[in-house]
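# Fold and contact review
The lines below spell out each chain.
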Amino acid sequence: MIKLLRIKEILANSSIDTEITISGWVKSIRDAKELSFIELNDGSTMSNLQVVVDKQNFSYNDTLNKISTGASIKVRGRVVASVGSGQNIEISAGFISVLGESPNDYPLQKKRHSLEFLREISHLRSRTNTISAVMRVRNTVSFAIHKFLQDRGFFYIHTPIITSSDAEGAGDMFQVTTIPFDSKKIDSIDYKQDFFGCKTHLTVSGQLAVESYCLGLGNVYTFGPTFRAENSNTVRHLAEFWMVEPEMAFYRLDELIELSQDFLRYLLQEVLENCQEDLIFFDQRIKPGLLENLRSVAGSSFKHMTYTEAIDVLTHAIAQGKTFEYPVQWGVDLKSEHERYLTEEYSKSPVIVTDYPKEIKSFYMKLNDDGKTVRGMDILVPGIGEIIGGSEREDDYETLLNRMKESGLDIDSYQWYLDLRKYGSVPHSGFGLGLERFVMWVTGMSNIRDVIPFPRTIKNCQF
Ligand code: 4AD
């Protein structure tokens with residue numbers, strides 16, 4: 001039996017005159033007098049393989065009339081040197097089996113389709129150059145995340161998707177219930193009668209749960225889907241997104257900064273090494289200059305400034321004539337326009353901002369000695385803004401309890417989290433990287449909806 005090969009392997013390894021079998025989807029078909037030329041793609045690579053069909057060897061009724069754009073076929077044939085330009089080899093077809101026909105209304109004909117249109121056919125868009133390239137990059141990044149952390153002895157912890165924690169200070173939550181919805185009775189629902197016997201939600205972050213395993217196993221991470229019912233209809237927000245959250249025992253803010261920088265540079269390097277063909281496509285078609293920029297970032301260290309310094313930079317820019325829509329003063333949260341200024345105009349590189357006012361950050365971040373700022377850390381990158389959010393964690397029981405009270409949290413439901421500070425508390429730190437934001441950065445794609453297979457956003461849960 002002849003081994004079924006993928007096009008990527010054939011283009012890399014096959015020698016002239018070998019007999020091979022390939023399967024894939026017809027990207028396009030061009031008819032000449034005696035020959036037909038089929039561009040076949042199987043998703044393994046951006047490149048198509050040309051199949052040359054000598055029409056006199058095949059039946060129109062059984063084969064030739066059934067091959068159209070979008071159809072799936074299996075071809076057995078011989079590898080020959082290509083006479084046409086654009087490829088070194090092609091397949092001279094000896095036998096073709098049509099696996100699935102594709103009628104004329106196939107929506108992906110050979111022309112450029114807008115990304116908006118492709119979102120409407122998300123179930124078919126994996127067959128386009130852009131989306132298949134994005135998904136190959138996404139795959140490489142996901143694998144590299146595990147590789148980086150596993151090589152450094154981190155343990156992968158599967159934190160729960162359904163949680164009863166009241167809030168983690170990270171955003172609005174989706175409720176999980178089996179009680180039939182009746183808006184009139186919403187205030188009198190007895191959650192003791194609900195499936196779990198209490199109010200439950202989809203997790204906004206696995207951090208608090210992974211912290212409890214950090215304080216037992218040392219260096220750990222969670223990597224999975226997280227859910228936020230934020231009313232943010234932007235090109236950077238999803239209601240369901242993937243996040244990797246490493247958590248390190250005995251790490252302080254400085255060590256956290258170093259690890260997160262190494263992590264980002266490693267991921268960039270892996271994509272540069274393993275996704276060359278796809279990156280060239282993004283560089284040429286999506287964002288000119290992308291490759292050069294990624295190479296330079298992968299080899300450089302990021303600029304570090306405190307929140308207070310960032311406010312100074314922005315205030316100075318305003319004094320020089322720069323205008324922002326939102327006001328800049330110590331204490332405000334940085335908006336996207338401020339983040340963009342810091343990365344794109346001021347430093348022209350990723351920027352690490354630390355030591356934010358406690359009022360704009362989560363209760364679990366370690367309070368600095370000034371009593372005003374916390375050891376939070378955000379990493380901002382050009383074109384995207386915040387890609388990583390993290391902090392050294394508050395490890396002192398009383399200080400944490402006070403911060404929880406200040407934040408209006410229901411202390412009872414966090415008693416387990418306080419226990420981690422009661423029994424053998426240690427300094428520890430962690431961060432969260434949004435997978436889709438990272439994929440946007442390395443592909444140059446400008447809308448987060450195009451870097452996840454089936455985007456879930458406000459007023460949209462198609463497919
Ligand atoms: O800054 P965030 O909210 O941090 C946390 O969730 C912490 N618990 C992480 C930790 O310390 N373990 O989110 C972290 C990252 C952001 O920097 C961003 O990349 C991504 O998650 N993110 C989103 N990505 C897509 N859509 C959204 N709605 C996102 N919200 C956050």
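Just so it is clear, the model here is predicted, and its values are computed rather than measured.

Definitions and limits used
Chains are numbered independently. Their residues run from 1 in the order of the written sequence. Residues qualify for local features only when their pLDDT is at least 70, as the model is predicted, and side-chain atom pairs are given and counted only at 80 or more; totals for whole chains, interfaces and linings, by contrast, use all residues. As a rule here, side-chain values come from all non-hydrogen atoms in the structure, and water together with hydrogens is ignored. Secondary structure is summarised from DSSP: a helix means a run of H or I of at least four residues, a strand means a run of E of at least two, and numbering begins at the N terminus for each. Exposed residues in this analysis have more than 50% of their type's maximum accessible area, buried residues have under 20%, and partly exposed residues fall in between, with area computed by a 1.4 Å probe over protein chains only. Between two residues, a contact is recorded if the distance between any of their heavy atoms is within 4.5 Å. Computed by Shrake-Rupley with a 1.4 Å probe, the accessible areas treat only the displayed protein chains as cover when residues are assessed. Think of it this way: Lys and Arg go in the positive column, Asp and Glu in the negative one, and His and the chain ends go nowhere. Charge positions are represented by NZ for Lys, CZ for Arg, CG for Asp and CD for Glu. By convention in these notes, a residue is near a molecule or strand provided one of its non-hydrogen atoms lies within 4 Å of it. Within 3.5 Å is the distance limit for a polar contact, defined as a pair of N or O atoms, with the added protein rule that one can donate a hydrogen and the other accept it, and that residues adjacent in sequence qualify only through two side-chain atoms. Ten residues, namely Ala, Val, Leu, Ile, Met, Phe, Trp, Tyr, Cys and Pro, are considered nonpolar, four, namely Asp, Glu, Lys and Arg, are considered charged, and the remaining ones, Gly among them, are considered polar. Starting at the helix axis, one direction is taken to each C-beta atom, and the arc is that of these directions. Buriedness of a pocket was judged along seven lines, with at least five required to meet protein on both sides within 12 Å; pockets are open sets of points on a 1 Å grid over the protein atoms alone, cavities are sets where a 1.4 Å probe fits but cannot get out, and lining residues have an atom within 4 Å of a point. Grid points are joined across faces, edges and corners, and a volume is the space filled by probe spheres set on the points. Boundary definitions for the domains trace back to an automatic or database domain assignment. Buried area is calculated as the accessible area (1.4 Å probe) missing from two parts once they are joined, with the contributions of both summed. Each reported salt bridge corresponds to a side-chain nitrogen of Lys or Arg within 4 Å of a carboxyl oxygen of Asp or Glu.

## Some details on the overall build of the protein chain
- When its secondary structure is counted, the protein chain shows 12 helices and 16 strands.
- When the backbone C-alpha atoms are referred to their principal axes, the protein chain occupies close to 85 × 60 × 45 Å.
- Burial analysis of the protein chain (463 residues in total) assigns 50% to the buried set.
- Looking at the protein chain alone, contacts between residues at least 24 apart form 67% of all its contacts between residues at least 6 apart.
- Of the roughly 22,800 Å² that the protein chain leaves accessible, carbon and sulfur atoms contribute 49%.
- Each charge class in the protein chain was averaged separately, 51 positive and 62 negative side chains, and the resulting centres sit 6 Å apart.

## Things to note about the site of the ligand
- Close to the ligand lie 23 residues; Gln207, Arg228, Glu245, Glu386 and Ile387 are nearest.
- Within the side chain of glutamate 230, a nitrogen or oxygen atom sits 3.0 Å from a nitrogen atom of the ligand.
- Considering the ligand on its own, with 630 Å² of exposed area, one finds that the protein chains cover 92% of that surface.
- Among the elements of the structure, β11 (240–249), β15 (385–392) and β16 (428–434) are those that each provide at least two residues to the shell around the ligand.
- If you tally residues by element for the shell around the ligand, the top one is β15, at five residues.
- Split by residue class, the shell around the ligand holds eight nonpolar, eight polar and seven charged.

## Details of helix α11 (residues 415–422)
- Along α11, the residues that are buried comprise Tyr417, Leu418, Leu420 and Arg421. What you see down the axis of α11 is that its buried residues fit within an arc of 140°, all on one side.
- Where α11 is buried, its residues meet α4 (207–217), α10 (397–406) and β16.
- Just beyond α11, the residue with positive phi is glycine 424, at close to 65°.

## What about the layout of surface pockets?
- Roughly 1,000 Å³ of volume is contained in the second largest pocket.
- Along the wall of the second largest pocket there are 39 residues; nearest its centre are Lys27, Arg127, Thr128, Asn129 and Thr130.
- Only β1 (19–31), β2 (35–41), α2 (115–120), α3 (129–151) and α6 (276–286) provide two or more residues apiece to the lining of the second largest pocket.
- Considering each element in turn, the lining of the second largest pocket owes the most residues, six residues, to α3.
- Per-domain counts for the lining of the second largest pocket show at least three residues from each of domain 1 (7–100) and domain 2 (125–450).

## Section: α10
- What α10 keeps buried is the set Leu400, Leu401, Arg403 and Met404. Around the axis of α10, the buried residues are gathered within 165° of arc, so they sit on the same side. Away from its buried face, by an angle of more than 90 degrees, α10 presents the exposed residues Lys405 and Glu406.

## Comments concerning the domain arrangement of the protein chain
- As far as domains go, the protein chain holds domain 1 (7–100) and domain 2 (125–450).
- Each of domain 1 and domain 2 was reduced to a C-alpha centroid, and the two centroids are 45 Å apart.
- Listed as interface residues are eight residues of domain 1 and, on the opposing side, eight residues of domain 2.
- Across the interface of domain 1 and domain 2, roughly 660 Å² is buried in total on both sides, 43% from carbon and sulfur atoms.

## Brief notes about the pattern of salt bridges
- Across all of its chains, the model carries 22 salt bridges by this definition.
- Put simply, aspartate 450 and arginine 119 hold a salt bridge, and the shortest N to O gap is 2.8 Å. Of this pair, aspartate 450 sits in the segment after α12 (435–443) while arginine 119 sits in helix α2, and the two are 331 residues apart along the sequence.
- Residue arginine 119 is classed as buried on the basis of its relative accessible area, which comes to 17%.
- For the salt bridge of arginine 136 with aspartate 278, the shortest nitrogen-to-oxygen distance reads 3.0 Å.

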